[in-house]
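An overview of the molecular structure
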Amino acid sequence: MIPPAKPAPTLRTMVTHRFGASTLPKRQPLSWKPALDHIVAGSGAGVGVLARLMDTPPEGRVEGVILGSDAADLPDTIAPTEDPARFAALLTDCLANAPMGAELYAAGPEAFLSAVQRIATAAGFPPDAVMTERAGSAARDCQCAHCKAVIRGLTHRFCICPACGLSLLVRDHFSPRLGLYQAVAISPTDPRIAIYRE
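Values in this document were obtained by computation on a predicted structure and should not be read as measured data.

**A look at the nonpolar core**
The nonpolar side chains of a soluble globular protein tend to be buried, and buried together. Counting residues in each nonpolar core, the largest one holds 20 residues, and the members touching the most others are Ile 39, Phe 87, Leu 91, Leu 95, Leu 104, Val 116 and Phe 125. For this core, the elements supplying multiple residues, two or more each, are β1 (37-43), α3 (84-96), β4 (103-108) and α4 (110-122). Beyond its immediate sequence surroundings of up to four residues, Val 116 is in contact with Ala 41, Phe 87, Leu 91, Leu 104 and Ala 106. In this structure, Trp 32, Val 47, Leu 50 and Ala 71 belong to the second largest nonpolar core, which totals 18 residues.

Here you go:
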């Protein structure tokens, strides 16, 4: 007997299957994964998260970089810097020299985590080897979908694009390639704007 044919997939099922139901980055408490090499990155309150993580050191090598100067509770293999450009260069170096199977752990404010994911993606680091925990501000960096301007530190879902002047709604759509949330035009007369400003 010939089994019945499966129905042809619809666009909705293809998109859901291919990209998942949500494009929000996974933020969860950090814990060591089984690996021989671990790379850590932290900023602000995230440095305390890394110190907590180091209370139970993993097997294998730990190295990394923090954005800030408070590295007292961290091993010497984790370099502190207060310069964002130097942080990006040091993290890029760590990722470029990481052996296959290394894991990346990042903790800090939302905008910092987005920057770390952008650096990891540019370095070709596998997305499933990047773990993130938000510690501190939930302010997001986003991109206007219409003029491509980057808007930093948003704490609300509604804003006016400083480049093109459009009223924007910051969607729960995160682009790992850009390390930014996407913002789309919304009518200035939309009654939901008051809700989005909260």
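**Describing the environment of Gly 42**
Tracing the chain through its elements places Gly 42 in strand β1. For Gly 42, a relative accessible area of 0% translates into the label buried. Separated by 71 residues in the primary sequence, Gly 42 and Leu 113 place their C-alpha atoms 8.6 Å from one another.

**Concerning the pairing of strand β2 (residues 61-67)**
Among the 7 residues of β2, 5 are classified as buried, and the element is accordingly described as predominantly covered. Across 7 bridges, the pairing between β1 and β2 is parallel. Within the sheet, the bridge partner assigned to Gly 42 lies in β2 and is Ile 66. Assessed by its sense of winding, the connection that carries the chain from β1 through helix α2 (residues 46-54) to β2 is right-handed. Sheet topology note: the β2/strand β3 (residues 78-81) ladder contains 4 bridges and is parallel. By the bridge assignment for β3, Leu 67 is matched with Thr 81.

Definitions and limits used
- Residues numbered from 1 in each chain as written.
- Predicted model: local features only at pLDDT ≥ 70, side-chain atom pairs only at ≥ 80, totals over all residues.
- Heavy atoms only, no water.
- Core = buried A, V, L, I, M, F, W, Y, C linked by side-chain atoms within 4.5 Å.
- Buried < 20%, exposed > 50% of the residue type's maximum accessible area, 1.4 Å probe, protein only.
- Helix = DSSP H or I, 4+ residues; strand = E, 2+ residues; numbered from the N terminus.
- Contact = heavy atoms within 4.5 Å.
- Pairing = 2+ DSSP bridges.
- Right-handed = clockwise from strand over helix to strand, strands pointing away.

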